[in-house]
Amino acid sequence: MRRFAPFALVLVLFLAALGRDALDDWVAATDLPGLLPETSDEVRDHAGILLRAYTVEDGRWRLNITPDQVDPRFVEMLIAYEDKRFFQHGGVDGWAVLRAGKQALTQGEVVSGASTLTMQVARLLEQSGTGAWNGKLRQMRVALRLEQVLGKDEILRLYLTLAPYGGNIEGVRAASLSYFGKEPRRLTAAQAALLVALPQAPETRRPDVNLSAAIKARQVVLDRLIESGAVSGEEARTAHLEPVSEQRVPFPTYAPHLSDRARSTMPDLDVHRLTLDAQMQARAETLAASSVRGKAENLSIAMILADHQSGEILAHVGSGGYSDREGRQGFIDMTRALRSPGSTLKPLVYGLAFDQGLAHPATIINDRPVAFGNYVPQNFDGAFRGELRVDDALRLSLNIPVVLLTEELGPARLMQGLERAGVRAKVPGGAPGLAVALGGVGTSLEGLVQLYAGLAQGGQKQSLNWRLGSGIDDTEHFISRASAWQVSHILAGLAPPAGAAQMRLAYKTGTSYGHRDAWAIGFDGRYVAGVWIGRPDGTPVPGAFGGELAAPILFELVGLVSDEAVPLPPPPPETLLLETADLPQPLRHFIGRRAVFQAAPDAPKLAFPPDGARLALNNAGLVVKVRDGRPPFTWMANGAPVLRSVQTREAQLPLLGEGFVQLSVIDSDGRAARATIRLD
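Residues numbered from 1 in each chain as written. Predicted model: local features only at pLDDT ≥ 70, side-chain atom pairs only at ≥ 80, totals over all residues. Heavy atoms only, no water.

Applying the stated criterion across every chain, the model contains 6 aromatic pairs. With a centroid separation of 5.6 Å and 75 degrees between ring planes, the pair formed by Phe-380 and Phe-545 is classed as edge-to-face. Of this pair, Phe-380 sits in the loop between β9 (370-371) and β10 (386-389) while Phe-545 is found in the loop between β13 (527-534) and α20 (546-559), placing the two residues 165 residues apart along the sequence. The partly exposed category is assigned to Phe-545, whose relative accessible area is 28%. Ring centres 6.5 Å apart and planes at 65 degrees place the aromatic pair Tyr-452 and Phe-523 in the edge-to-face group. Note that Tyr-452 is positioned in helix α18 (residues 445-456) and Phe-523 in strand β12 (residues 517-523), a separation of 71 residues in sequence. Here Tyr-452 matches Phe-523 in class, with each residue buried. The ring centre of Phe-86 lies 4.6 Å from the NZ or CZ of Lys-152, which sits over that ring. The aromatic ring of Tyr-54 is capped on one face by Arg-263, whose charged end is 3.8 Å from the ring centroid. (Phe/Tyr/Trp six-rings, centres within 6.5 Å; stacked < 30°, edge-to-face > 60°. Helix = DSSP H or I, 4+ residues; strand = E, 2+ residues; numbered from the N terminus. Buried < 20%, exposed > 50% of the residue type's maximum accessible area, 1.4 Å probe, protein only. Lys NZ or Arg CZ within 6 Å of the ring centre and 35° of its normal.)

To continue, consider the environment of Arg-526. Tracing the sequence through the fold places Arg-526 in the loop between β12 and β13. For Arg-526, the residues in contact, after removing those within four places along its chain, are Ala-306, Asp-307, His-308, Gln-309 and Val-566. (Contact = heavy atoms within 4.5 Å.)

Overall, antiparallel pairing links the 5 strands, which are arranged β7-β6-β13-β12-β11 in an open sheet. The strands lining the two open edges of the sheet, one partner per strand, are β7 (312-317) and β11 (506-511). On average, each strand axis in the sheet is inclined to that of its neighbour by 10 degrees, with strand direction left out of account. In the sheet, β11 pairs with β12 via 6 bridges, with the strands oriented antiparallel. Bridge pairing in β12 links Ala-506 to Phe-523. (Pairing = 2+ DSSP bridges. Axes fitted to C-alpha atoms, helices over the stretch in contact; angles between N-to-C directions.)

Before going further, it helps to spend a moment on unusual backbone geometry. Residues apart from glycine generally show negative phi values, whereas peptide bonds are mostly found in trans. The residue after Phe-608, namely Pro-609, is reached through a cis peptide bond having omega 0 degrees. Position of Pro-609 relative to the elements: it lies in the loop between β15 (605-608) and β16 (614-615). One non-glycine residue, Asn-298, lies in the positive phi region at around 65 degrees. Counting through the fold element by element, Asn-298 comes out in the loop between α13 (278-292) and β6 (300-307). Look at Asn-298 and you get partly exposed, because its relative accessible area is 21%.

As defined by bridge partners, strand β18 (residues 633-637) adjoins strand β19 (residues 640-646) across 4 bridges and the pair is classed as antiparallel. Paired with Trp-635 across the bridge in β19 is Leu-643. In this antiparallel pair of consecutive strands, β18 and β19, the connection spans 2 residues, and Asn-638 shows a positive phi of 55 degrees.

Before going further, it helps to spend a moment on the nonpolar core. One finds Leu-274, Leu-348, Tyr-350, Ile-365, Leu-405, Leu-451 and Tyr-452 to be the most contacted residues of the largest nonpolar core, which totals 71 residues. The element that contributes the greatest number of residues to this core is α18, accounting for 8 residues. Apart from residues lying up to four places away in sequence, Tyr-452 is in contact with Thr-344, Pro-347, Leu-491, Lys-508, Ile-521, Gly-522, Phe-523 and Val-528. Counting residues in hydrophobic clusters, the runner-up holds 57 residues, among them Ala-53, Val-70, Tyr-179 and Leu-222. (Core = buried A, V, L, I, M, F, W, Y, C linked by side-chain atoms within 4.5 Å.)

In this section: the pairing of strand β17 (residues 622-627). Of the two faces of β17, the one lined by Leu-622, Val-624 and Val-626 is fully buried and the one lined by Val-623, Lys-625 and Arg-627 carries no buried residue. Direction of pairing for β15 relative to β17: antiparallel, over a ladder of 3 bridges. Note that in β17 the partner of Lys-605 across the bridge is Arg-627. As paired elements, β17 and strand β20 (residues 650-653) share 4 bridges and run antiparallel to each other. Its bridge partner being in β20, Val-623 is matched across the sheet by Gln-652.

Tallying each qualifying case throughout the model produces 33 salt bridges. Asp-41 is the partner of Arg-263 in a salt bridge, and the nearest nitrogen-oxygen pair spans 3.1 Å. On the criterion of sequence distance, the pair formed by Arg-263 in helix α12 (residues 256-265) and Asp-41 in the loop between α1 (5-28) and β1 (42-44) is long-range, its members being 222 residues apart. The class for Arg-263 is partly exposed, based on a relative accessible area of 28%. (Salt bridge = Lys/Arg side-chain N within 4 Å of Asp/Glu carboxyl O.)

Pairing in this open sheet of 3 strands is antiparallel, and the strands run β15-β17-β20 from one edge to the other. Looking at which strands have only one partner, the edges of the open sheet turn out to be β15 and β20. On average, each strand axis in the sheet is tilted by 35 degrees relative to the strand beside it, whichever way the strands run.

Geometric values such as these leave the question of function open.
Spelled out as structure tokens, the structure:
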């Protein structure tokens, strides 16, 4: 018999080889399920923090993850508990199968399973059951094939992505966010143990359904890991004391409008990286919601905060809440809606006028009744201020001076300025008229914030961007550096609204016709922001003024970045910094070429002193007289008020300085008379 032993051994080896080859062929012929499971689309901020995620088709949260994005301790505990020989076996652990079979035979029941992590991945990929023998055989076959085509890290990644955690939660990342409210990069031993335990019986152990079962399952895992040495006794005792929340944490839903926009513009991307700052975005959304809470019915709000140096948007709020709660139509992104900008385009008009040599901040301009054919503009309050400086006219947001300048510029030049600044604007009827300067055009909050970002950048077009890495370098100027600085300096002279932080912002408010839109746009040396308040359907909001409603929120919005505003830059060298009397003669007074000022017979007339008079200085002051006009009167010298609310027609002005004096008197209807005199 011994002489046949070698032949028998060869035969056994031959049959074994045939069996192995047959097994290899059988495994190689396995039809694998798809190895790229659908995962949730994600929107992240500039630092990679999750802003919003979207469920997959069947409504499940299944977020993509790789092993290096999970706390290494969790992976260590998972393998120690579920599959100690994961890195040694080829998909099926023969020793575990023998052990499980022996225990079942000796004890008459199944004591432990032999399912490896690879077999579990096979089951999850095929969404098959765990009990039937034919099911187990299929899992083994798929597991063996998976080990042939994938590396261990890729198999582990599939498990971390697909493991069930109760309800519509799949994968360790979705589970960590849902049960702990954080990414799984850093987990406590208690949290890691719970995440190890849940996939074995996700529906009966999920803490939001059965808290006691979840705690017990966590304890079983910790106790067994003590036996294997993966967890120390002290660590396990501390973990047993850690509480487990029975409430799921909602998934982040920040920047919903911008997130939807990102997905719609690039639907093939799985991860969208935005320029937003998650913390800033959360605080801005809280500010927006609180600002409209308890306010007029259907009122909505939109806000944008950006870094005008880089053009990156840091916070973007399309409404006060992403729902139709209280009829506010929160699903509408009001940062993009075309609305009447009210007075917020006036700074551009003045900047263009400065560039064209039509005016200077110290130029005297008339604010009194005027007509342009059939168009008769009125100031918002119905009053008139007579002669005043251009910078004061902008700060007071007077309508007549800006229409005078627009008529001289031409409305088409204003529209061209908007286009060069990158602002999308739509004129009702198609042909721009003088009313464009007062809000007779459709623009968006995004466009206005971009316009003011350009003003802050010295009149250079500054494209705002919200997708990380998509910034555009613009070099085109829509107004000159000097004019942009002049406008910014004028706007920075406005006092903060009542109750707002005492920071220096260059800002402008606006209220559209019929109180449909309230605006506030402004900037400091680095940040630019804008606020719109109104109703999405365009119906009026009685009593809504930009200065009262939107401006305080603007200051709060900028205050989210810092308690103190970043200083504005100094004037560029070419800036003309002169007072009225020092300006070239054509710039001292602005008179529109085609404006027809209404000179009523009862308008005020300067009775004394007459124009051109030369008078001696008097320590008692200067006696002045006015006839006609309606009291009270305001007396001004060189554009500055000297006496206000004078009820009599004769007054005595305080001692004036030597030299030429531009003397003006304005009645209660805003009508004015003036004279130039000389005091020696």
